[in-house]
Amino acid sequence: MSAGIIGNLEVESPGLIADQWDSTGESYGIGQWTRSSGRYQKLLDYAQTVKGDATTLATQLNFLWYELTEGDYAHALPKIAQESTNPENAAYAVAKYYEAPEWKENPERKNNARNIFDRMSSSNGEINVADYEKQQKSIEEIQKRQYDTLKKQYDVLVAQTE
């Protein structure tokens with residue numbers, strides 16, 4: 001089931017970058033919680049309640065778990081668990097009952113889930129550290145570029161107000 005969840009999140013937010021909007025400015029974070037559905041506001045409310053930061057991966061993962069165990073999607077968790085007979089079915093169940101994308105049969109969600117499951121199920125039960133470190137470095141590079149872009153925009157705004 002966890003591979004199905006992560007497989008979906010990787011489609012929603014490649015690299016699992018928490019502090020990121022989609023290209024339209026409608027969906028935010030690893031779950032691409034939307035403004036129009038009210039889920040983005042619920043993420044903000046949750047973060048405030050737990051004294052967390054809605055821009056962090058930890059808070060967003062905790063919010064996801066909250067939605068599935070106590071929140072609006074608590075009804076989905078038993079269905080997801082029941083249908084998670086393999087990683088591909090888990091990915092489909094998460095898409096069907098939780099993520100609710102237009103294209104639930106997206107093979108990328110299923111492939112991601114299978115790849116994650118296979119890495120977690122290696123002979124020694126460990127995720128390849130080199131792959132993890134490579135992914136972390138990619139995430140750090142993306143975050144640095146985002147910071148640099150925001151810093152430039154900030155500097156332009158400050159210069160305009162002087």
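In this numbering scheme, every chain counts its residues from 1 along its sequence in written order. Local features in this predicted model are restricted to residues whose pLDDT is 70 or higher, and side-chain atom pairs enter the listing and the counts only when it is 80 or higher, whereas totals over whole chains, interfaces and linings include all residues. Calculated side-chain values reflect all of the structure's heavy atoms, with hydrogen atoms and water omitted.

J.: Before we move on, could you go through the confidence of the model for the protein chain and cite the residues and values that matter?
T.: Each residue carries a pLDDT score, the predictor's own confidence in it, on a scale running from 0 to 100. Across the protein chain, pLDDT averages 85, with 86% of residues at or above 70. The helix and strand labels rest on DSSP assignments: H or I over at least four residues marks a helix, E over at least two residues marks a strand, and numbering proceeds from the N terminus. Model confidence for the protein chain, summarised as mean pLDDT per element, is weakest for helix α7 (residues 129-161) at 69 and strongest for helix α2 (residues 39-49) at 97.

J.: Got a sec to walk through the packing of aromatic side chains? Specific residues and values, please.
T.: Any pair of aromatic rings gets described here by the distance separating the centres and the angle formed by the planes. A pair of aromatic rings is counted whenever rings of Phe, Tyr or Trp (Trp by its six-membered ring) have centres within 6.5 Å, and the orientation is called stacked for planes under 30 degrees apart, edge-to-face for over 60 and tilted otherwise. The tally for this structure, following the rule as stated, stands at eight aromatic pairs. Note on W33 and F63: the rings are 5.3 Å apart at their centroids and 70° apart in plane angle, and the pair reads as edge-to-face. Taken as a pair, W33 in strand β2 (residues 33-34) and F63 in helix α3 (residues 57-69) lie far apart in primary sequence, 30 residues in all. Assigned by exposure class, W33 and F63 land together as buried. Taken together, a centroid distance of 5.2 Å and an interplanar angle of 80° make the contact between Y73 and Y98 edge-to-face. Placement of the pair is Y73 in the loop between α3 and α4 (76-83) and Y98 in helix α5 (residues 87-99), with a sequence separation of 25 residues. Each member of the pair Y73 and Y98 is classed as buried. Among the aromatic side chains, those forming a connected cluster through ring pairs are W33, Y46, F63 and Y66. When the NZ atom of lysine or the CZ atom of arginine is within 6 Å of a ring's centre and also within 35 degrees of its normal, the charge is said to sit over that ring. Here the basic side chain of R39 rests over the ring of Y98, its NZ or CZ set 4.8 Å away from the ring centre. For every residue, the accessible area obtained with a 1.4 Å probe (protein chains only) is divided by the maximum for its type, and the residue is called buried under 20%, exposed over 50%, and partly exposed between those limits.

J.: Quick one: what's the story with the pattern of salt bridges, residue by residue and with numbers?
T.: Here a salt bridge means any side-chain nitrogen of Lys or Arg lying within 4 Å of a carboxyl oxygen belonging to Asp or Glu. Considering all chains together, one arrives at five salt bridges under this definition. A salt bridge links R39 to E67, with the nearest nitrogen and oxygen atoms 2.9 Å apart. In this pair, R39 is assigned in helix α2 and E67 in helix α3, connecting sequence segments 28 residues apart. Judged by its relative accessible area of 2%, E67 falls in the buried class. Residues D72 and K42 are paired through a salt bridge, measuring 2.2 Å at the closest nitrogen-oxygen approach. Residue D72 is located in the loop between α3 and α4, and its partner K42 is located in helix α2; the two are separated by 30 residues in the primary sequence. Each member of the salt-bridge network shares a partner with another, and the members are E88, R114 and D118.

J.: Pulling in residues and values, what's your account of the packing of α2 against α3?
T.: Here, axes are lines fitted to C-alpha atoms. For helices the fit covers the stretch in contact, and angles between N-to-C directions go from 0 to 180 degrees. Their axes nearest at 10 Å, the elements α2 and α3 cross at an angle of 110°. When the axis of α2 is compared with that of α3, the two are roughly perpendicular. Here R39, K42, L43, Y46 and A47 of α2 lie close against α3, whose contacting residues are T59, Q60, N62, F63, Y66 and E67. Each angle gets one of four labels, with under 35 degrees taken as roughly parallel, over 145 as roughly antiparallel, 65 to 115 as roughly perpendicular, and the rest as oblique. Working rule for contacts: check all heavy atoms of both residues, and any pair within 4.5 Å makes them a contact.

J.: Residue-level account of the layout of surface pockets, with values.
T.: Each cavity reported here is a set of points on a 1 Å grid over the protein atoms alone in which a 1.4 Å probe fits but cannot get out, each pocket an open set with protein on both sides within 12 Å along at least five of seven lines, and each lining residue one with an atom within 4 Å of a point. Grid points are joined across faces, edges and corners, and a volume is the space filled by probe spheres set on the points. Quantified by volume, the second largest pocket comes out at close to 300 Å³. Together, 16 residues line the second largest pocket, and E12, E99, A100, P101 and E102 are the ones closest to its centre. Put simply, the parts of the chain that give the lining of the second largest pocket at least two residues each are α1 (2-12) and β2. In terms of residue class, the lining of the second largest pocket is made up of six nonpolar, five polar and five charged. All residues other than Ala, Val, Leu, Ile, Met, Phe, Trp, Tyr, Cys, Pro, Asp, Glu, Lys and Arg, Gly among them, are scored as polar; the first ten of these are nonpolar and the last four charged.

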